[in-house]
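# Coordinates in review
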Amino acid sequence: MHTLAVNVDHVATVRQARLITEPDPVTAAALAELAGCHGIIVHLREDRRHIQDRDVEVLRSTLKTRLNLEMAATDDMAAIACRIRPDMACLVPEKRAELTTEGGLDVAGQSAQIVRCVRCLHEAGIMVSLFIDADEDQITAARDSGAEFVEIHTGRYADAAAQPDQDREFDRIVEAIGRARSLGLRVNVGHGLNYRNTQRLVPIGAIEEFSIGHSIIARAVLVGMERAVREMLAIIKR
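Residues numbered from 1 in each chain as written. Predicted model: local features only at pLDDT ≥ 70, side-chain atom pairs only at ≥ 80, totals over all residues. Heavy atoms only, no water.

### A word on the environment of Arg83
Put simply, the test is: A run of H or I in DSSP becomes a helix once it reaches four residues, and a run of E becomes a strand once it reaches two; helices and strands are each numbered from the N terminus. Burial status follows relative accessibility: with a 1.4 Å probe on protein chains alone, a residue under 20% of its type maximum counts as buried, one over 50% as exposed, and anything between as partly exposed. What qualifies as a polar contact is a pair of N or O atoms within 3.5 Å, subject to a donor-acceptor requirement within protein and to the restriction that residues adjacent in sequence count only when both atoms come from side chains.
Residue position: Arg83 is located in helix 4 (residues 75-84). The class of Arg83 is partly exposed, set by a relative accessible area of 49%. Sequence-wise, Arg83 and His38 are 45 residues apart; in three dimensions their C-alpha atoms are separated by 23 Å. Reaching out from Arg83, the side chain makes a polar contact with the side chain of Glu57 at a distance of 3.1 Å.

So, in structure tokens, the structure goes:
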């Protein structure tokens, strides 16, 4: 059965707009768990634009499900992860000027650093996922890095305005998932998924987890966190 991990970064985005204490991403995570999600995701960025170190520490001690820490593949971030010990660390690309993560990690182009980071995380007992584009070379490099999982970047599929473009990106995702599974990698998907475009991916049985944040948080503003999570769960369980 597919599982759902909810990213609560943008609850912290609203909080940091005023540099106060609410809304609290930890509370949002608890509500998401009550609604039935299977894990919580937070991205501790190097510039700390939304999630803060304390958020991750409190989540680690309070979550009843799994904590997936998204992070840059740097020695400093690896040290933080090894101290906090999330259930999984997802290595992602990170640029200071971007609004959100743009594209997948270039595993093939920085293999030495990725391998070092993966090894460090494994020594701390942390599973590792690599956020990558639906690209054969990146999938092969991900296998060679020693990571257990890849998370296939679905942003181009989600952002496609015309149906032929969406069809082409969907086919690339399907092909990438098949390639990853053939190499022994486990597969999650995420980025830009919402209450409409997620449905097409649900029949792909090789997907283990859907990583979804912005659309659920945006929906929660209107209907509440628990209902927003339950509505997404209903989609991925069909």
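### Observations regarding the sheet that holds strand 7 (residues 186-190)
Rules: Two strands are said to pair when DSSP picks up at least two bridges between them. Throughout, an axis means a line fitted to C-alpha atoms (over the contacting stretch in the case of helices), and angles, computed between N-to-C directions, take values from 0 to 180 degrees. Any pair of residues with heavy atoms lying within 4.5 Å of one another is described as a contacting pair.
If you trace the eight strands once around the closed barrel, you get 1-2-3-4-5-6-7-8, paired in parallel fashion. For this sheet, the mean inter-axis angle between neighbouring strands, taken without regard to orientation, is 25 degrees. Sheet topology note: the strand 7/strand 8 (residues 207-212) ladder contains four bridges and is parallel. In the strand pairing of strand 8, Gly190 is matched with Ser211. Its contacts with the sheet place helix 8 (residues 163-182) against strand 6 (149-153), strand 7 and strand 8, and it is angled at close to 155 degrees to strand 7.

### Focus: helix 2 (residues 25-34)
In plain terms, the rule: Directions drawn from the helix axis to the C-beta atoms are what define this arc.
Within helix 2, the full set of buried residues consists of Pro25, Val26, Ala28, Ala29, Ala32 and Glu33. Considered in projection along helix 2, the buried side chains sweep an arc of 160 degrees and stay on one side of the axis. Taken together, the buried residues of helix 2 touch strand 1 (3-7), helix 1 (9-18), strand 2 (39-43), helix 3 (53-62) and helix 10 (225-236). Among the residues of helix 2, the N-terminal cap falls to Asp24, whose side-chain oxygen and the backbone nitrogen of Val26 are separated by 3.0 Å. Among the residues trailing helix 2, Gly36 stands out with phi positive, at a value near 110 degrees.

### Some thoughts on the pattern of salt bridges
Formally: In what follows, salt bridge is the name for a side-chain nitrogen of Lys or Arg lying within 4 Å of a carboxyl oxygen of Asp or Glu.
With the rule as written, the count across this model stands at 17 salt bridges. The shortest N-O distance in the salt bridge between Arg116 and Asp75 comes to 3.7 Å. Placement of Arg116 in helix 5 (residues 111-123) and of Asp75 in helix 4 is noted, with a sequence separation of 41 residues between them. What makes Asp75 partly exposed here is its relative accessible area of 49%. Between Glu208 and Arg186 there is a salt bridge, and its shortest N-O distance comes to 2.9 Å.

### A word on empty space enclosed by the protein
Sizing a probe to match a water molecule and rolling it over the atoms shows the empty space that remains. The test is simple: With a 1 Å grid laid over protein atoms only, a set of points is called a cavity when a 1.4 Å probe fits there but cannot get out and a pocket when it is open yet has protein on both sides within 12 Å along at least five of seven lines; lining residues have an atom within 4 Å of a point. Grid points are joined across faces, edges and corners, and a volume is the space filled by probe spheres set on the points. Three classes are used: nonpolar for Ala, Val, Leu, Ile, Met, Phe, Trp, Tyr, Cys and Pro, charged for Asp, Glu, Lys and Arg, and polar for all others, with Gly counted as polar.
Summed over the entire model, instances satisfying the criterion amount to one cavity of 30 Å³ or more. Forming the walls of the largest cavity are Asp133, Ala134, His153, Arg156, Tyr157, Glu169, Arg172 and Ile173. Put simply, the parts of the chain that give the lining of the largest cavity at least two residues each are helix 7 (155-159) and helix 8. In terms of residue count, the dominant contributor to the lining of the largest cavity is helix 8 (three residues). Considering only residue class, the lining of the largest cavity consists of three nonpolar, one polar and four charged.

### Some words on unusual backbone geometry
The peptide bond linking Glu22 to Pro23 adopts the cis configuration, its omega dihedral lying at 0 degrees. Counting through the fold element by element, Pro23 comes out in the loop between helix 1 and helix 2. Within the chain, Arg85 stands out as a residue other than glycine whose phi angle is a positive 60 degrees. In this fold, Arg85 is placed in the loop between helix 4 and strand 4 (88-91). With a relative accessible area of 48%, Arg85 lands in the partly exposed category.

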